Amino acid sequence: MASVDECRQALQELADRLDRHAEATGRIDLDRTLACRITDLDTAFHGRLENGRLTGLTDGDDPQAKIALSTNSDDLVALVHGQLDLAKAVAGRRVSIKANPLDLMKLRKLI
């Protein structure tokens with residue numbers, strides 16, 4: 001089981017990757033609150049997706065988040081490090097993403 005600090009670091013790595021992606025590809029019209037819930041650690045992080053970038057990443061849940069990802073700590077770290085395919089993880093119910101269908105389509109551009 002990954003620690004809370006390892007999950008926080010993985011999410012920061014994801015934010016850095018999204019920054020590089022946004023610089024390389026340009027703006028993606030997606031401005032939504034995001035919550036990442038780590039089920040086995042009973043913890044969460046939240047931030048905001050703005051123009052394809054993850055900003056304001058902080059500890060704690062946002063129950064009103066427009067996009068919510070739920071997974072366990074090991075799967076989160078594996079996803080960020082490219083060791084777990086997101087589509088397969090969702091299909092295998094290792095990851096749950098709650099968002100409206102239009103937002104899911106826009107999220108695919110970020111991955």
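Residues numbered from 1 in each chain as written. Predicted model: local features only at pLDDT ≥ 70, side-chain atom pairs only at ≥ 80, totals over all residues. Heavy atoms only, no water.

The name an unreviewed UniProt entry gives the chain is Alkyl sulfatase C-terminal, with Micromonospora eburnea as the organism.

**A short note on the sheet that holds strand β3 (residues 53–59)**
Spatially, β3-β2-β1-β4-β5 is the arrangement adopted by the five strands of the open sheet, whose pairing is mixed. Of all the strands in the sheet, just β3 and β5 (95–98) have a single pairing partner and so form its edges. Put simply, the sheet's adjacent strands are angled 20 degrees from each other on average, direction ignored. Pairing analysis gives five bridges linking strand β1 (residues 31–38) to strand β4 (residues 67–71), with the strands arranged parallel. When the bridges of β4 are listed, Cys 36 appears paired with Leu 69. (Pairing = 2+ DSSP bridges. Helix = DSSP H or I, 4+ residues; strand = E, 2+ residues; numbered from the N terminus. Axes fitted to C-alpha atoms, helices over the stretch in contact; angles between N-to-C directions.)

**Section: unusual backbone geometry**
Residue Asp 42 is not a glycine yet carries a positive backbone phi of 50 degrees. Within the secondary structure, Asp 42 is located in the loop between β1 and β2 (43–50). Its relative accessible area of 74% is what places Asp 42 among the exposed residues. The phi angle at Asn 51 is positive, at roughly 50 degrees, despite the residue not being glycine. With respect to the helices and strands, Asn 51 occurs in the loop between β2 and β3. (Buried < 20%, exposed > 50% of the residue type's maximum accessible area, 1.4 Å probe, protein only.)

**Focus: the pattern of salt bridges**
Evaluation of the coordinates by the stated rule reveals seven salt bridges. Note that Arg 8 is salt-bridged to Asp 5, the shortest N-O span being 2.4 Å. In this pair, Arg 8 and Asp 5 are both assigned in helix α1 (residues 4–25), three residues apart and thus about one turn of the helix distant. For Arg 8, a relative accessible area of 29% puts it in the partly exposed group. We note a salt bridge from Arg 32 to Asp 103, for which the minimum N-O separation is 2.9 Å. Here the residue Arg 32 occupies a position in strand β1, and Asp 103 occupies one in helix α4 (residues 101–110), the gap between them amounting to 71 residues. In this structure, a network of salt bridges that share partners links the residues Asp 5, Arg 8 and Asp 59. (Salt bridge = Lys/Arg side-chain N within 4 Å of Asp/Glu carboxyl O.)

**Some words on the side chain of Thr 71**
Positionally, Thr 71 belongs in strand β4. Residue classification places Thr 71 among the buried residues on the basis of a relative accessible area of 2%. Among all residues touching Thr 71, those that are not within four sequence positions of it are Arg 37, Ile 38, Thr 39, Leu 76, Arg 94 and Val 95. (Contact = heavy atoms within 4.5 Å.)

**Points about the nonpolar core**
With 16 residues, the main nonpolar core has Cys 7, Cys 36, Ile 38 and Leu 76 as its most contacted residues. Those elements that provide at least two residues to this core are α1, β1 and α2 (73–80). The leading source of residues in this core is α2, at five residues. Apart from residues no more than four positions distant in its own chain, Cys 36 is found in contact with Leu 11, Thr 43, Ala 44, Phe 45, Leu 69 and Leu 76. (Core = buried A, V, L, I, M, F, W, Y, C linked by side-chain atoms within 4.5 Å.)

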